[in-house]
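Descriptive structure summary
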Amino acid sequence: MSLDQTLLFSDEVRAAKAEGRPIVALETTIVTHGMPYPENVETALAVERIVRAAGAVPATIAILDGKIRVGLTAEELKHLAGLQNVMKLSRADLAFALATGRPGATTVAATMIAAHLAGIRIFATGGIGGVHRGAETSFDVSADLHELAQTPVAVVCAGAKALLDIPKTLEVLETLGVPVVTAGQDELPAFWSRQSGLPSPLRLDAPAEIAGFIAKREEIGMSGGVLIANPVPAENEIPADVMREHIETAIADAERQGVRAKSVTPFVLGRLLELTAGKSLVTNIALVKNNARLAAEIAVALR
Ligand code: PSU
Ligand code: MN
């Protein structure tokens, strides 16, 4: 079977490709493992509308019936959100879902692979995976970091999720040669909060400047991606010191219950939703929308 038969474009994305219009890839792990129903589906659809309003075409990516689907209809998105046992796919198991026909949602790593295969250069998400706290004993380092090192797709996020060890995550990104550019401020944001206490390695302000940086890397044939950190809007942020306590509780709960590997991030996000009485989800939704808008503006400027 050829790639043509495995990579399936929606009509909207196929037309956008044919016309050379800007496209923004979107992931689905955030739908199946990152947010509860019905906010997950509502957010995914709202994010697609934001991308369109900014002049780009959304390409939401998932694995269904042994195909890499690039662009889903609202019905397909709802179908995916309602399925049981959807795999959370990364580089290691993307082809496993294709070979076995199991449904799969794509993480940042798997979405980057699919976007690159589909010829899409920009991708918006909430927060990337990174180096987990306690990684010195658990060795839990997200495959998202290695994907950023090798696959040339620019990823717009709101920083690494604050449940991670952000200083270690930054160190690994530097080692792997991944540029980290914060949009509009000097400090790296920390997902729910605009502040992480760490300076961003790089800063650019206008979408056109970010597009110029991406284009320059392409021009000189640099491998790997770019990480763009977009601070959550001030009116939606949860201050870092408020989140810190909840994150510590959530991680302690995960440890006590023996939650490991792929289950850690979904568990901690779910626990934070309870501990913040829903506020973490409101912020997560706001930051994903904010990232979709910036990604679309960059895609438009990159044309
Ligand atoms: N952004 C969110 N919520 C999420 C994710 C991103 O707002 O749930 C997902 C992404 O798919 C990312 C994954 O790749 O979390 C990280 O998982 P892990 O830590 O297991 O690598
Ligand atoms: Mn992990």
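To start, this report covers the structure provided alongside it. (Residues numbered from 1 in each chain as written. Chains lettered and ligands numbered in written order. Predicted model: local features only at pLDDT ≥ 70, side-chain atom pairs only at ≥ 80, totals over all residues. Heavy atoms only, no water.)

Details of the overall build of the protein chain
In terms of regular secondary structure, the protein chain is built from 14 helices and eleven strands. In summary, the protein chain has a C-alpha radius of gyration of 18 Å against a globular reference of 19 Å for 303 residues, a match within 12%. Buried residues in the protein chain amount to 55% of all 303 residues. Of the contacts made within the protein chain by residues no fewer than 6 positions apart, 73% connect residues no fewer than 24 positions apart. In the protein chain, which carries 28 positive and 34 negative side-chain charges, the distance between the mean positions of the two groups comes to 4 Å. (Helix = DSSP H or I, 4+ residues; strand = E, 2+ residues; numbered from the N terminus. Rg over C-alpha atoms; globule rule 2.2 N^0.38 Å. Buried < 20%, exposed > 50% of the residue type's maximum accessible area, 1.4 Å probe, protein only. Contact = heavy atoms within 4.5 Å. Lys, Arg positive; Asp, Glu negative; His and termini not counted. Charge placed at Lys NZ, Arg CZ, Asp CG, Glu CD.)

Considerations on the site of ligand 1
The immediate surroundings of ligand 1 are formed by 19 residues, with Glu27, Lys88, Ser142, Asp144 and Thr265 found nearest. At a separation of 3.5 Å, a nitrogen atom of ligand 1 approaches a polar backbone atom of Gly126. Here an oxygen atom of ligand 1 and a side-chain polar atom of Lys161 are 3.1 Å apart. In isolation ligand 1 has 480 Å² of accessible area, and contact with the protein removes 95% of it. According to the grid-proximity analysis, the pocket containing ligand 1 is the largest pocket. Those elements that place two or more of their residues in the shell around ligand 1 are α3 (29-34) and α13 (264-275). For the shell around ligand 1, the element with the highest residue contribution is α3, accounting for three residues. Taken together, the residues that form the shell around ligand 1 break down as four nonpolar, eleven polar and four charged. (Near = heavy atom within 4 Å. Polar contact = N/O pair within 3.5 Å; in protein donor to acceptor, adjacent residues only side chain to side chain. Areas by Shrake-Rupley, 256 points an atom, 1.4 Å probe, with all protein chains shown as cover. 1 Å grid on protein atoms, 1.4 Å probe; cavity = no way out; pocket = protein on both sides within 12 Å on 5 of 7 lines; lining within 4 Å. Sits in = over half its atoms within 2 Å of the grid points. Nonpolar A, V, L, I, M, F, W, Y, C, P; charged D, E, K, R; others polar.)

Remarks on empty space enclosed by the protein
Taken as a whole and assessed by the stated rule, the structure comprises two cavities of 30 Å³ or more. What the largest cavity holds in volume is close to 130 Å³. Taken together, 13 residues line the largest cavity, and the ones lying closest to its centre are Glu27, Ile30, Ala44, Val47 and Val288. When residues of the lining of the largest cavity are traced back to their parent elements, those giving at least two are α3 and α4 (39-53). Counting residues per element, the lining of the largest cavity draws most heavily on α4, which supplies four residues. Taken together, the residues of the lining of the largest cavity break down into eight nonpolar, four polar and one charged. Taken together, Gly159, Ala160, Ile166, Thr169, Leu170, Leu173, Val180, Leu188 and Leu227 make up the full set of residues lining the second largest cavity. Considering only residue class, the lining of the second largest cavity consists of seven nonpolar, two polar and no charged. (Points joined across faces, edges and corners; volume = space filled by probe spheres on them.)

Points about the packing of α4 against helix α5 (residues 74-82)
When two helices pack together, their arrangement is given by the angle between their axes and by how far apart the axes lie. Direction vectors running N to C along α4 and α5 enclose 150°, while the axes themselves pass 10 Å from each other. What the angle tells us is that α4 and α5 run roughly antiparallel. At the point where α4 passes α5, the crossing takes the right-handed sense. Here Asn40, Val41, Ala44 and Leu45 of α4 come into contact with α5, specifically with Ala74, Leu77, Lys78 and Ala81. (Axes fitted to C-alpha atoms, helices over the stretch in contact; angles between N-to-C directions. Parallel < 35°, antiparallel > 145°, perpendicular 65-115°, else oblique. Left-handed = near helix turned anticlockwise from the far one by under 90°.)

Honestly, that's just the spatial picture; any functional story needs more than this.
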